[in-house]
Amino acid sequence: MACNSCSTSDGGAPKGCKNNGTCGTDSCNKLTVFDWLANMSLPNGQEPFDCVEVRFKNGRKEFYRNHEKLTLSIGDIVATEASSGHDIGIVTLTGELVRIQMKKKGVNPSSAEVLKVYRKASQKDIGIWSKARDREEPMKVRARELAIAHNLEMKISDIEFQGDGSKATFYYTANDRVDFRLLIKDFAKAFNTRIEMKQVGFRQEASRLGGIGSCGRELCCSTWLTDFRSVNTSAARYQQLSLNPQKLAGQCGKLKCCLNYELDTYMDALQDFPSFDTKLFTEKGDAVCQKQDIFKGLMWFAYTESFAQWHVLKIEQVKEIVAENKLKKKVSSLEDFALEITTEPEKDFNNAMGQESLTRFDQPSRKKKNKKRKKPSGEKNLRTAPNSEEKNNSRPAGNKIIPNRKNEPKK
């Protein structure tokens, strides 16, 4: 789902609205809700719902009451009520779907805690709002420097200005409780504005900042996930995943939320399996479970005397042996019930298309040494020592030749 300005150009390349999260139709933002009731008209005599959903920086959304009966649509910039002054946000949802969203979030529409929408934002309001947002990035760098100077174990992840620029909210993460009373005084002197510190969890920080996960897609917490459920290492054990913290942890440093997606399916499949702690008693010895295959319905058992040798059994056979053991009977051995697993031959993939190997750049290429061919001594003398005739012919005409008398015999 994208806005009209994000459509493709003539050459097929995406244009891109380049609004950086402030798209007019709110189709390029995080946690966007599609208004599937927009084309439906209300029954006669029924007034439209008087609450709207307004989005602020980094996907923060709040519900406000349209007390002035303004004609609002998705993408309108409005001035809303705040604790002191006013805030600026973008309308993301109107109509009856807001009622459903408020019920889902547990917000009472008739409550007095629901704030009001003052008016549509003027050009002056938008100018003040944009100037305040331009100050956020340099302020974040300076705020981190002041926090390091105070030796506080905290990380300032983001800063959000109120729409009128009168207050700045600092979002930070910390493992323990932090005493930042002196830090707030330095912030007030350096930035000359009201300061509010708000601690968020590591998952909330990752959802605000966004990023790309190990699956290659955007983070679930920053696109569609709204509630953060606790994830335990037991979820990885039930799915028979290796307890490697580098692979199981996300960008927030906690266990990945996607470990809970398929957990219910694994739990339903494990109900048909005997317990992992099940022991099988045979005449050859006691056997314990070593491994389970949920998809194939297999279990691997090994004798307590020889753990290196495993025997594969189906869950029906395991249940049959357990039933015999409950009657205080022992089966002869596991070999009578074990399955014979045939190893498949390795497949040799030939290069049918004539393509080069993908690992051709893994090993560095060796430099070829230029080896000079040794020449025989006779050939060298023939080429280097010219004949006497060549010497005579090489001399210019008119020069007198002096004979060499050294080797002549003495008279």
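Above this text is the structure in question.
Residues numbered from 1 in each chain as written. Predicted model: local features only at pLDDT ≥ 70, side-chain atom pairs only at ≥ 80, totals over all residues. Heavy atoms only, no water.

Peer 1: With reference to specific residues and values, describe the packing of aromatic side chains.
Peer 2: The tally for this structure, following the rule as stated, stands at seven aromatic pairs. For the pair Phe170 and Phe187, a centre-to-centre distance of 4.8 Å together with 15° between the ring planes defines the contact as stacked. Pair noted here: Phe170 is in strand S7 (residues 167-173) and Phe187 is in helix H4 (residues 181-191), with a separation of 17 residues, a long-range link. Of the two residues, Phe170 and Phe187, neither departs from the other in class, the shared state being buried. With a centroid separation of 6.0 Å and an interplanar angle of 40°, the aromatic rings of Trp224 and Tyr261 are classed as tilted. Remark: Tyr261 occurs in the loop between helix H8 (245-248) and helix H9 (263-270) and Trp224 occurs in the loop between helix H6 (220-223) and helix H7 (233-238); sequence separation between them is 37 residues. (Phe/Tyr/Trp six-rings, centres within 6.5 Å; stacked < 30°, edge-to-face > 60°. Helix = DSSP H or I, 4+ residues; strand = E, 2+ residues; numbered from the N terminus. Buried < 20%, exposed > 50% of the residue type's maximum accessible area, 1.4 Å probe, protein only.)

Peer 1: Requested: an account of the sheet that holds S7, with residues and values cited.
Peer 2: Taken in spatial order, the three strands of this open sheet run S6-S7-S8, and their pairing is mixed. The open sheet has two free edges, formed respectively by strand S6 (155-161) and strand S8 (194-199), since each of these has just one partner strand. When the angles between neighbouring strand axes are averaged without regard to direction, this sheet yields 25°. Bridge count for S7 against S8 is six bridges, and the pairing is parallel. (Pairing = 2+ DSSP bridges. Axes fitted to C-alpha atoms, helices over the stretch in contact; angles between N-to-C directions.)

Peer 1: An account of unusual backbone geometry is needed here, citing residue identities and associated values.
Peer 2: Of note in this structure, Asn151 is not a glycine but carries a positive phi near 55°. Mapping Asn151 onto the fold places it in the loop between helix H3 (136-149) and S6. Residue Asn192 is not a glycine yet carries a positive backbone phi of 55°. You can see Asn192 is positioned in the loop between H4 and S8.

Peer 1: Residue-level account of the pairing of strand S10 (residues 286-293), with values.
Peer 2: Note: strand S9 (residues 279-281) against S10, three bridges, orientation antiparallel. Residue pairing in the sheet places Phe281 in a bridge with Asp286 of S10. Hairpin remark: S9 followed by S10, antiparallel, with four residues in the connecting loop; positive phi at Gly285, about 150°. Alignment of S10 against strand S11 (residues 298-303), held across six bridges, turns out to be antiparallel. Directly across from Asp293, in S11, lies its bridge partner Leu298. Hairpin connection, S10 to S11: the antiparallel pair is bridged by four residues, and Gly297 has positive phi, about 70°.

Peer 1: An account of H9 is requested, with residue identities and associated values reported.
Peer 2: Within H9, burial applies to Leu263, Tyr266 and Leu270. Within H9, the buried residues cover an arc of 65° as seen down the axis, which keeps them to one side. With respect to the buried face of H9, the exposed residues turned more than 90 degrees away are Asp264 and Thr265. The elements touched by buried residues of H9 are H7 and S10. (Arc of directions from axis to C-beta. Contact = heavy atoms within 4.5 Å.)

Peer 1: I'd love a proper account of the pattern of salt bridges, names of residues and values included.
Peer 2: Under the counting rule described, the total for this entry stands at 18 salt bridges. Among the ionic pairs, Arg60 bridges to Asp87, the shortest N-O distance being 3.7 Å. With Arg60 in the loop between strand S1 (51-55) and strand S2 (61-65) and Asp87 in strand S4 (residues 86-93), the pair connects residues that are 27 residues apart, well separated along the chain. Residue classification places Arg60 among the partly exposed residues on the basis of a relative accessible area of 23%. Accessibility expressed as a relative area gives 11% for Asp87, which makes it buried. Among the ionic pairs, Glu160 bridges to Arg60, the shortest N-O distance being 2.8 Å. Placement of the pair is Glu160 in strand S6 and Arg60 in the loop between S1 and S2, with a sequence separation of 100 residues. (Salt bridge = Lys/Arg side-chain N within 4 Å of Asp/Glu carboxyl O.)

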